[in-house]
Amino acid sequence: MQLTVEQLFDHLWQQYIQINPQANKIQKLLQARGERVINDHIALRTFNTEKLGIMKIAAPFLDKGYKIVEDYDFTKKKLNAVHLEHEFDINHPKVFISELRTELFSENLQNVIAEIDAQIDPANVMQELFITSGRTWNLTFEQYIQLLRESEYAAWTAAFGYRANHFTVSLNHLTTFFQLEDLNEFLIENGFVLNESAGLIKGTPEQFLEQSSTMAAPVNVQFDHSTQPIPGCFYEFAKRYPLPEIGRLYQGFIAASADKIFESTNS
Ligand code: NI
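As the structure is a prediction and not an experimental result, all values here were calculated from the model.

**Quick word on the coordination of the nickel ion**
No. 1: Surrounding the nickel ion are the protein donor atoms His41 (NE2), His166 (NE2) and Glu236 (OE), which sit 2.1 Å from the metal.
No. 2: Here the donor residues for the nickel ion map to a single chain with the spacing H-x124-H-x69-E. Of this pair, His41 sits in strand β1 (residues 39-47) while His166 sits in strand β5 (residues 164-170), and the two are 125 residues apart along the sequence. Comparing His41 with His166 shows no difference in burial state: the two are buried.

**Re the packing of aromatic side chains**
No. 1: All chains considered together, the criterion is met by 23 aromatic pairs.
No. 2: With 5.9 Å between their ring centres and 40° between their planes, Tyr72 and Phe96 make a pair best called tilted. Here Tyr72, found in strand β2 (residues 66-74), pairs with Phe96, found in strand β4 (residues 94-100); they are 24 residues apart in sequence, far enough to count as distant. Across the pair, Phe96 and Tyr72 agree in class, each one buried.
No. 3: Plain terms: the ring middles of Trp156 and Phe160 are 5.1 Å apart, the flat faces sit at 35° to each other, and that makes the pair tilted. Of this pair, Trp156 and Phe160 both sit in helix α7 (residues 152-160), 4 residues apart, which is roughly one turn of that helix. Per residue, the accessibility class of Trp156 equals that of Phe160, and both read buried.
No. 4: Taken together, the ring pairs connect Tyr72, Phe74, Phe96, Tyr153, Phe253 and Phe262 into an aromatic cluster.

**Here's the deal with the pairing of β4**
No. 1: Along β4, 7 of the 7 residues are buried, which leaves the element largely enclosed by surrounding structure.
No. 2: What you see with β4 is no split at all: Lys94, Phe96, Ser98 and Leu100 on one side and Val95, Ile97 and Glu99 on the other are buried throughout.
No. 3: In the sheet, β1 pairs with β4 via 7 bridges, with the strands oriented parallel. Residue pairing in the sheet places Leu44 in a bridge with Ile97 of β4.

**Comments concerning the nonpolar core**
No. 1: In terms of nonpolar packing, the biggest core is built from 77 residues, with Leu12, Phe61, Leu183 and Tyr235 touching the most fellow members.
No. 2: If you tally residues by element for this core, the top one is helix α1 (residues 5-19), at 8 residues.

**Some points on the side chain of Ser151**
No. 1: Inspection of the secondary structure puts Ser151 in the loop between α6 (141-150) and α7.
No. 2: In this structure Ser151 comes out as buried when scored by relative accessible area, which is 6%.
No. 3: Leaving out residues up to four positions away in the same chain, Ser151 has contacts with Leu100 and Phe105.

**Some details on a nonpolar patch on the surface**
No. 1: A contiguous nonpolar surface patch, about 240 Å² in accessible area, is contributed by Met55, Leu62 and Ile68.
No. 2: Its location among the elements puts Leu62 in helix α3 (residues 54-62).
No. 3: For Leu62, a relative accessible area of 31% translates into the label partly exposed.

**Focus on the packing of helix α4 (residues 107-118) against α6**
No. 1: Close contact between α4 and α6 brings their axes to 10 Å; oriented N to C, the two are set at 130°. On the basis of their axis angle, the class for α4 and α6 is oblique. Of the two elements, α4 crosses α6, and the hand of that crossing is left-handed. Contact residues: Asn108, Leu109, Val112, Ile113 and Glu115 in α4; Gln143, Gln146, Leu147 and Glu150 in α6.

**A look at the pairing of β5**
No. 1: Counting buried residues along β5, 7 of its 7 residues qualify, which places the element largely inside the surrounding structure.
No. 2: Pairing geometry for β1 and β5, over 4 bridges, is antiparallel. Within β5, the residue paired with Asn39 across the bridge is Val169.
No. 3: Where β5 and strand β9 (residues 234-240) come together, 5 bridges link them in parallel fashion. By the bridge assignment, Ser170 is partnered in β9 with Ala238.

Definitions and cut-offs
- Residues numbered from 1 in each chain as written.
- Predicted model: local features only at pLDDT ≥ 70, side-chain atom pairs only at ≥ 80, totals over all residues.
- Heavy atoms only, no water.
- Donors = N, O, S within 2.8 Å, 3.2 Å for Na, K, Ca; no water.
- Helix = DSSP H or I, 4+ residues; strand = E, 2+ residues; numbered from the N terminus.
- Buried < 20%, exposed > 50% of the residue type's maximum accessible area, 1.4 Å probe, protein only.
- Phe/Tyr/Trp six-rings, centres within 6.5 Å; stacked < 30°, edge-to-face > 60°.
- Pairing = 2+ DSSP bridges.
- Core = buried A, V, L, I, M, F, W, Y, C linked by side-chain atoms within 4.5 Å.
- Contact = heavy atoms within 4.5 Å.
- Patch = residues over 30% accessible without salt bridge, like charges linked within 9 Å, V, L, I, M, F, W, Y side chains within 5 Å.
- Areas by Shrake-Rupley, 256 points an atom, 1.4 Å probe, with all protein chains shown as cover.
- Salt bridge = Lys/Arg side-chain N within 4 Å of Asp/Glu carboxyl O.
- Axes fitted to C-alpha atoms, helices over the stretch in contact; angles between N-to-C directions.
- Parallel < 35°, antiparallel > 145°, perpendicular 65-115°, else oblique.
- Left-handed = near helix turned anticlockwise from the far one by under 90°.

Geometric descriptors of this kind do not, in isolation, establish any biological role.
Right under this line is the structure:
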């Protein structure tokens, strides 16, 4: 039995709030105001190996009516990315999938990724819930730190494995907040810590997309010989603006803003 799109997102959400309970708290706070929370997008991270590249992670979504709309190149962070949209239902979240260009890193880093890759059965990657399988490989805290020195993205992905990195509340679908500033203020008043890299709000109305996010709270992760607190997942908030002439809301992503949002999982 194939999962429906809704069931797939529900699996991702349940797994996500286990290590990011603040997202659930924020959703409950919004619901208490009478809001119905619609997700703008979710984000998934992977490595660009033959077994684990973007297209493998995209497969369950492509099977469920999604198509790839645009691709992105994050030169500084050494990532490729794509975003997918559902063909018929714009209320299904967009899916943002990025992959680390491992060949651009040290031999050390490449060896750790190769070890991870070798421990994954390609038959499991074909399962539609592979993207919620978490970490199924060995990793020492020393290896995590070794990756962290070169790439926060590599370290996070190696430590947490396959799961949503973040969900994103669509401000356009909220009825009691019209500006991202107002939502940010509400979250700060309620004790949440937001990402201030390049200011609370990334992007401008002129770029048709404004984004903010919480900072990822530390999570105790079990490594091979020890348990260590490291940054987990964050919750994002996005407001989209209509494109002139077309009138419909801009649906893409701004590389410069995403670059700063990625830093929500920095230590
Ligand atoms: Ni995002």
